[in-house]
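Below are the chains, spelled out letter by letter.
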Amino acid sequence: TVALHLAACGELGQKSADQDLSPTLSSQSGNNNPAAAPADATSSSDKKVFFGDLHVHTKFSFDSWIFGTRATPDDAYEFAKGEPLKHASGYVMQLRRPLDFLAVTDHGTYLGMFEQMDDKESAVGQHPLAVSLRAAKDQNDRSRIFQEVLPRERGYIDFEDDLLDLGVVSSAWSRIIEAANRHNDPGNFTAFIGYEYTAGGREGENLHRNVIFKGDQAPALPFTRLDGKNNPERLWDWMDAIRESGIDLLAIPHNSNGSNGWMFEQTRRDGSPIDREYSIKRMRNEPLVEVTQAKGTSETHPLLSPNDELADFELMEYTIGTTKPSKPQGSYVRDAYLSGLMLDRQGSGNPFQFGLIGSSDTHTGAGSFREDDFWSKSGLMDIQPQQRGSVPTDNGEYLDTLNRFRSASGLVGVWAHENTRDAIFQALARKETFATSGPRMKVKFEVMGNNVKNLAARESGRDANSVTMGGSFSSKSERSPQFIVSALQDPIGAPLERLQIIKGWITDGSKVEEIFDIACAQGTGEGQTSSCADAAQMSEGLDCSIGEGSSGFSVSWEDPTFDSTMDAFYYVRVIEVPTCRWSTWDAIRAGVRPNPDLPTKIQERAWSSPIWYVAN
């Protein structure tokens, strides 16, 4: 089994559309005894890794327009394919390597409205709010008027909205659909039709989802928070109806970190109990969750995972657009995984059996995935280092702004047979995905063995004794199965420090989690669970040099805590050696010391979708 998987790692090293990967893998077994892995091993699978972004806003989003963005969906797709794109400030944005796929996901509510409000010749442009918008003296004035429109956009008004024009929305939606179909190039680049369903609470409690359509068809209008009264359960009803009409689609929640516990509540929105029907419906419609993006990472929180030394990663701990603290419970994915196990044990099914992706949530039409070339996300609102709090203003003080929590994240990786809508959508639907905080690390995670029973093998046609990330299995043995993990660094990124498996289960009604360092670039502890020493530390001079680490790992691991009677989940976390954070790069370029209140370094990472163990 190990030999076969090491051979499969050759696929990780083969050339894709945007990379030439040919490093020698550093292989380690579960007891941390290194063994050589062949650099030229051939693949035993015909799946390849493709990288993309499923969360991109253009000028048709109400907030993007206010932020100064004038990029069109066509511009966004061209940028993803490698073309330069001019930022509202004049800065030229360009990827070093093109993406393999992209979805433009402008806000469904007030879609295209602000562009029309800026046009004095249009009917919408004659509304008093539109006149005020055009008369705004500066960006702050425009933002003030934007705040007056927000209650309408969010559905929190008790009068008829005389500003919203569904004809404008329909026109913008048609242009988005046309752009996606125009740029879709099977085998070379995949362009998905999509939009953002932007539900939430009055205090910024986030219930946002991106809705991605499989093919070239979409409904006449997107379903929005105004249709569903800010209740995602109504979105799922609509999605089921759309699917029955022949249009396949899925939804992806994001920024659960800013939901104040709403995203992963253990009740329905009306407070009634979750049942198995609810769980099945949620998983049918939203099999994935966006774990990292520009507004922070939602994996876990130090208060939820006090024994996880890497839990404090790119956190943004407020509800969206506010300085109100967001409650950790119900807001982070690892805790939701544990809650799902508990609900399933109680007979309610598991409504939180999500795969993981990352995306950017850029509002410039262009994702900023690199710390050393960071243009943030909100156009003219955060393009300058002073606006981001990384460089002091003229009076020598740092702005205390939410922009300082911005992140140069993230991307989604999928394992698919080819770069087409059908193949990538199917990979998303079966959760054979992983998230990264920006670098294009490659991650493969499987369970293999004669005692492994793939619970979806009959339906999927997969090997009954092999389960890939996103899947579930049971065991015919009381002994731990073999978990096979491979990871390769981004060929133009930093080397890897460690490879981890995170496990969660329920014991005596309590949530339990454990982090296993299963491979280390250098330094290990003793006992069944290794503990990696830091592979590298940045120099005090903050010259942003990169320390030594591993180009990759390939590991066979058995769980020393395996209990065949207990349900559990496992997912992989890949950690790079420390590198300079974007805020440090800002300070170096400005010739000032980094803001002491901001992290100077970052350990970029990737997360696989989990594999779930189901006890017999």
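So, here's what we can say about the structure. Treat the numbers as computed from the prediction; the structure is a model and nothing was measured. (Residues numbered from 1 in each chain as written. Predicted model: local features only at pLDDT ≥ 70, side-chain atom pairs only at ≥ 80, totals over all residues. Heavy atoms only, no water.)

By the definition in use, this model includes 32 aromatic pairs. Ring geometry for Phe 264 against Phe 354: centres 5.7 Å apart, planes inclined by 50°, an arrangement best described as tilted. Residue Phe 264 is located in the loop between strand E9 (249-253) and helix H10 (276-285), and its partner Phe 354 is located in the loop between helix H11 (333-345) and strand E12 (355-358); the two are separated by 90 residues in the primary sequence. The two residues Phe 264 and Phe 354 agree in class, both being buried. Ring pairs connect the aromatic residues Phe 445, Phe 473, Phe 483, Phe 516, Trp 557, Phe 562, Tyr 570 and Tyr 613, which therefore count as one cluster. Directly above the ring of Trp 262 sits Arg 269, whose terminal nitrogen or CZ lies 4.3 Å from the centroid. When the ring centre of Phe 313 is taken as reference, the NZ or CZ atom of Arg 605 above it lies at 3.8 Å. (Phe/Tyr/Trp six-rings, centres within 6.5 Å; stacked < 30°, edge-to-face > 60°. Helix = DSSP H or I, 4+ residues; strand = E, 2+ residues; numbered from the N terminus. Buried < 20%, exposed > 50% of the residue type's maximum accessible area, 1.4 Å probe, protein only. Lys NZ or Arg CZ within 6 Å of the ring centre and 35° of its normal.)

We now examine helix H6 (residues 139-153). An ideal rise of 1.5 Å per residue puts 21 Å on 15 residues; H6 measures up with 20 Å between its terminal C-alpha atoms. Most pronounced at Gln 147, the bend in H6 amounts to some 25°, and the proline Pro 151 follows within four residues. Here H6 has its buried residues at Gln 139, Asp 141, Arg 142, Ser 143, Ile 145, Phe 146, Val 149, Leu 150, Arg 152 and Glu 153. Contacts from the buried residues of H6 go to helix H2 (62-66), helix H4 (113-117), helix H5 (128-134) and helix H8 (225-228). At the N-terminal end of H6, a side-chain oxygen is found 3.2 Å from the backbone nitrogen of Asn 140, two or three residues along, and the residue is Asp 138. Count one or two residues on from H6 and you reach Gly 155, which has phi positive near 80°. (Expected span 1.5 Å × (residues − 1). Bend = angle between axes of the 7 residues up to and from the residue. Contact = heavy atoms within 4.5 Å. Polar contact = N/O pair within 3.5 Å; in protein donor to acceptor, adjacent residues only side chain to side chain.)

Counting across every chain of the model gives two disulfides. At a sulfur-sulfur separation of 2.0 Å, the disulfide partner of Cys 520 is Cys 532. Taking the sign of the S-S torsion, about -75° here, the bridge from Cys 520 to Cys 532 comes out left-handed. You can see Cys 520 sitting in strand E21 (residues 510-520) and its partner Cys 532 sitting in the loop between E21 and strand E22 (552-558), a full twelve residues away along the chain. Residue class for Cys 520 comes out buried when judged on its relative accessible area of 4%. (Disulfide = S-S within 2.5 Å.)

To continue, consider the pattern of salt bridges. One pass over the structure, following the stated rule, counts 42 salt bridges. For Arg 243, the salt bridge goes to Asp 248, with nearest N and O atoms at 3.3 Å. Overall, the relative accessible area of 26% leaves Asp 248 in the partly exposed class. Between Arg 430 and Glu 432 there is a salt bridge, with its nearest N and O atoms 2.7 Å apart. For Glu 432, a relative accessible area of 5% translates into the label buried. Residues joined in a network through salt bridges with shared partners are Glu 299, Asp 308, Arg 334, Glu 513 and Arg 573. (Salt bridge = Lys/Arg side-chain N within 4 Å of Asp/Glu carboxyl O.)

Another point: the packing of helix H3 (residues 73-80) against helix H7 (residues 166-183). Look at H3 against H7: their axes get within 9 Å of each other, and the N-to-C directions meet at 30°. In terms of their interaxial angle, H3 and H7 are classed as roughly parallel. As for how H3 packs across H7, the hand of that crossing is right-handed. Across from Pro 73, Asp 74, Tyr 77 and Glu 78 in H3, the residues of H7 making contact are Ile 176, Ala 179, Ala 180, Arg 182 and His 183. Looking at side-chain class alone, the contact of H3 with H7 contains five nonpolar, one polar and three charged residues. (Axes fitted to C-alpha atoms, helices over the stretch in contact; angles between N-to-C directions. Parallel < 35°, antiparallel > 145°, perpendicular 65-115°, else oblique. Left-handed = near helix turned anticlockwise from the far one by under 90°. Nonpolar A, V, L, I, M, F, W, Y, C, P; charged D, E, K, R; others polar.)

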